[in-house]
Amino acid sequence: IRAVGKIALQQYDVNAIVDRLLQFLEMEKDYVTAETLVLVKDLLRKYPQWSHDCIAVVGNVSSKSVTEPKAKAALVWMLGEYAYDMSDAPYVLEGFVQSWAEEDFAEVRLELLTAVAKCFFKRPPETVQILGAALSSGFADANQDVHDRALLYYRLLQHSVEVAERVINPPKQAVSVFAGDQSSEIKDRIFDEFNSLAVVYRQPSYMFLDKDQRSPFAFSEDTGSSIIGPQSPGREDLPSDIDARDNDLLLSAHEKEDSRATLQEFTDSPFAPRSPSPTQPVRNARASPLPQAAVSSTAASPLLAVDDLLGLGPSASAEPFPQLKLNPKPVLDPASFKRKWGQLTVALTLEYTFPAHALVGLTGPQPLVRHMQTNAVQCMASGNAPLKFFFFAQLADAPANTGFFLVELVVTTSSGLASAKIKADDSSLAPAFADSLQSALSKFGSL
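The structure reproduced in this document is the subject of the present report. Every residue gets a number counted from 1 within its own chain, in the order that chain's sequence is written. Local features in a predicted model are, by the rule used here, given only for residues with pLDDT of at least 70; side-chain atom pairs are given and counted only at 80 or more, and totals for whole chains, interfaces and linings are based on all residues. Hydrogens and water molecules were not included; the side-chain quantities draw on all heavy atoms of the structure.

A short note on the overall build of the protein
- For the protein, the helix and strand inventory stands at 21 helices and seven strands.
- For the protein, the proportion of its 447 residues judged to be buried stands at 47%.
- In the protein, once contacts between residues fewer than 6 apart in sequence are set aside, the share between residues at least 24 apart is 67%.
- Summed over its atoms, the accessible surface of the protein is roughly 22500 Å², and 53% of this surface lies on carbon and sulfur atoms. Under the scheme used here, helices are H or I runs from DSSP no shorter than 4 residues and strands are E runs no shorter than 2 residues, and both carry numbers assigned from the N terminus. The rule is simple: take the accessible area with a 1.4 Å probe, protein chains only, and divide by the maximum for that residue type; under 20% is buried, over 50% is exposed, in between is partly exposed. The contact criterion used throughout is that any non-hydrogen atoms of two residues lie within 4.5 Å. Per-residue accessibility takes into account occlusion by the displayed protein chains alone, with areas from the Shrake-Rupley method and a 1.4 Å probe.

Below, the structure written as C-alpha cells:
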C-alpha cells in the first residue's frame, strides 16, 4: 500500500494508481484501511482535484473500524477539510467528540479540534454545539498542546469569526514537495530554525538572510544598560568574549556560523537600526493573551455572544491566569542569564501596542526600565535603535537560581508595537507571567 501511495505522489498521470489505492478501502480490513487513509490524505493534499472520487469512497468507511491514531487523524482531517462534500461529516465528528475522554492520542485530539472548527465555518448550524463541546473538552485536556489549541481557537472566535476562519481554514495550495522528500541536511537546518520564516521559505536562513542587516548587540555587565555599535570611549570591559556571548544569546545556530567574524569586522560594519529579522520566531502555537485593546473591543461586539452560541455560558469565558507573586528584588548575574537564555526554549511570545500617551514618555530605555523595576521585573541589558531590553523576574520564595522568567522585549517607537519572547524555568507558568508582564506594560505612562 505504501509503495502504491509513493508512486501516486511522484507521478503526474495517477488515474489508475488512485483507482487501485481506493480499492484498498473496499477490502474492509482494518490494517489495510488504516494505511490507505493516511496515504489518501497525502494524495488529496497534492492532488485536490481528486477529492470527489476519494471522498466518495472514504465516506463509506466506518469510523468505528479505524483505531490506528495516524489513520484516525487522517480521517478526521478529511471530515473537516471536505465537510461540504461529506453529508454526515458533522455527525461523524460528533461521535469523535463524545468519545473524547476515551481517545488516548493527543495527535487525534488536536486534529479533531481543527476539523470541528473547519466544519463549523462551512456548516455552522449543524456544528455549533459540537464545537462548543470540543472546546470545553479541550480546555480540560491534560495535554498542554491540546489545551492551548482549544484556548487559541476560543479566543480567535471570541475576537472575530471571520479572523478565526482566515487563521484556521485559509485557502490552501496543493503541496508540491513533501518534507520527507527533502535532503536530510536541508531538513536538519530548517528544523533548527523551526519557529521562524525558514519553514515558510522552505530554506535555511542563510539562504535568504542578508548578513549586512544584522548588527551586534553588546551585552552589558551593568544592569539596565548596553552598547550597540562600536565600543564607547572609556569602556574597557568589552572583550571579544562579550561579543561571543552576545552571538550565543541572540542568534540561531546557523546564524552563529555565518556571523563568526573578527571583532574588527564588527567594528567596521554599519550599525543601522535593526529591522525585524526573517528568523525572528513567529507567534508561538501556545496561545498568547490578546492585547487588551482587542479584548475590550470585542465586549461591545455581537460576537461576544460566541459563549452562548457555543453553549459554553458566561463561566466559560477566558479565565485570567492566577496572579503570580514575584520577588521584588531578584538576583541573577549576567553569566547565569546568558546560560539560561541559551538552554531554555521560547515558551510563548507576546505583542502589545503602547498607547500614544505612553510613547511620549518612551524617549529611551531608562523610563521603561525604571517602570518595570517597580513591577518586580528587572533589566539585565537595554539598548536603542530599536529599543531593546532583556528583562528577568523571579517567583517569590523560589529557591536560589530557580523560578526565573526571562524576556527579550523589542519596542518599535514609530508604531508603539512591543514584541516579547518569554522563556521560563517552568514553562507552564509562562502564560501567567505573560499576563503580569502585559499588565505592567499597560500601566506605563498612566496618568
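So much for the structure itself; the text now carries on.
Some points on helix 3 (residues 30-46)
- Helix span, as expected, comes to 1.5 Å for every residue beyond the first. Taking 1.5 Å of rise per residue, 17 residues should cover 24 Å, and helix 3 covers 25 Å from first to last C-alpha, within 8% of that figure.
- Burial analysis of helix 3 places 12 of its 17 residues in the buried class, which makes it a mostly covered element.
- Buried residues of helix 3: V32, T33, A34, T36, L37, L39, V40, K41, D42, L43, L44 and K46, and no others.

A short note on the side chain of T127
- Considering the arrangement of structural elements, one finds T127 in helix 8 (residues 124-139).
- Accessibility expressed as a relative area gives 1% for T127, which makes it buried.
- Not counting chain neighbours up to four residues away, the residues in contact with T127 comprise P90, V116, C119 and F120.

Topic: the packing of aromatic side chains
- Pairing of aromatic rings covers Phe, Tyr and the six-membered ring of Trp, with a centre-to-centre limit of 6.5 Å; geometry is then stacked below 30 degrees between planes, edge-to-face above 60, and tilted otherwise. Across all of its chains, the model carries 13 aromatic pairs by this definition.
- Here F139 and Y154 contribute two aromatic rings whose centre-to-centre distance is 5.6 Å and whose plane-to-plane angle is 90°, an arrangement assigned as edge-to-face. Taken together, the residues span a long stretch of sequence, with F139 in helix 8 and Y154 in helix 9 (residues 144-159) at a distance of 15 residues.
- The partly exposed category is assigned to F139, whose relative accessible area is 21%.

Comments concerning the packing of helix 20 (residues 365-373) against helix 21 (residues 430-442)
- Helix 21 packs onto helix 20 with a crossing angle of 125° between their chain directions and a minimal axis gap of 10 Å. As the angle between them shows, helix 20 and helix 21 are arranged oblique. The handedness of the crossing between helix 20 and helix 21 is right-handed. Residues L368, H371 and M372 of helix 20 form the contact with helix 21, whose own contacting residues are L437, A440 and L441.
- Classifying every residue of the contact of helix 20 with helix 21 gives five nonpolar, one polar and no charged. Note on definitions: angles span 0 to 180 degrees between N-to-C directions of axes, and those axes are lines fitted to C-alpha atoms, for helices only across the stretch in contact. Here roughly perpendicular refers to angles of 65 to 115 degrees, roughly parallel to angles under 35, roughly antiparallel to angles over 145, and oblique to all remaining angles. A clockwise turn of the near helix away from the far one marks a right-handed crossing, whereas an anticlockwise turn of less than a right angle marks a left-handed crossing. For this classification, Asp, Glu, Lys and Arg are treated as charged, while Ala, Val, Leu, Ile, Met, Phe, Trp, Tyr, Cys and Pro are nonpolar and the rest, including Gly, are polar.

Some details on the pairing of strand 6 (residues 404-412)
- Across the nine residues that make up strand 6, a large majority, seven, are buried.
- Between any two strands, pairing holds if DSSP finds at least two bridges. Judged from the eight bridges that link them, strand 5 (residues 387-394) and strand 6 form a sheet pairing that is antiparallel. Note on strand 6: the bridge partner recorded for A393 is F405.
- Two successive antiparallel strands, strand 6 and strand 7 (residues 417-424), enclose a turn made up of four residues, where G416 displays a positive phi of approximately 80°.

A short note on the pattern of salt bridges
- Counted as salt bridges are all cases of a side-chain nitrogen of Lys or Arg within 4 Å of a carboxyl oxygen of Asp or Glu. Scanning all chains against the criterion turns up eight salt bridges.
- Linking E126 and R123 is a salt bridge whose minimum nitrogen-to-oxygen distance equals 2.9 Å.
- Here R123 falls in the buried class, since its relative accessible area comes to 12%.
- By sharing partners, the salt bridges in this structure join K388, E408 and K421 into a single network.

Brief notes about the sheet that holds strand 5
- Taken in spatial order, the five strands of this open sheet run 3-7-6-5-4, and their pairing is antiparallel. Edge positions in the sheet fall to strand 3 (348-353) and strand 4 (378-383), since each of these pairs with one other strand and no more. Across the sheet, the axes of successive neighbouring strands diverge by a mean angle of 20°, strand direction being ignored.
- Along the sheet, helix 21 contacts strand 3, strand 5, strand 6 and strand 7; its crossing angle with strand 3, the most-contacted strand, is approximately 15°.

Examining a nonpolar patch on the surface
- Residues enter a patch when their relative accessible area is above 30% and they make no salt bridge; the linking distance is 9 Å between like charges and 5 Å between nonpolar side chains (Val, Leu, Ile, Met, Phe, Trp, Tyr). Side chains of F191, F194 and V199 sit close together on the surface and give an oily, nonpolar patch of about 340 Å² of accessible area.
- Examined against the element boundaries, F194 turns out to sit in the loop between helix 11 (184-192) and helix 12 (198-201).
- For F194, a relative accessible area of 55% translates into the label exposed.

Section: the packing of helix 3 against helix 5 (residues 69-81)
- Contact pair helix 3 / helix 5: the axes reach a minimum separation of 8 Å and the direction vectors enclose 40°. Between helix 3 and helix 5, the angle is such that the two are oblique. The way helix 3 lies across helix 5 gives a crossing that is left-handed. Every residue of helix 5 that contacts helix 3 at A34, L37, V38, V40, K41, L44 and R45 is listed here: K70, A71, A74, L75, W77 and M78.
- Among the residues forming the contact of helix 3 with helix 5, the class breakdown is 10 nonpolar, no polar and three charged.

Structural notes on the side chain of E103
- Looking at the secondary structure, you find E103 in the loop between helix 6 (89-98) and helix 7 (106-122).
- Contact partners of E103, with chain neighbours within four places excluded, come to K72, V108 and R109.

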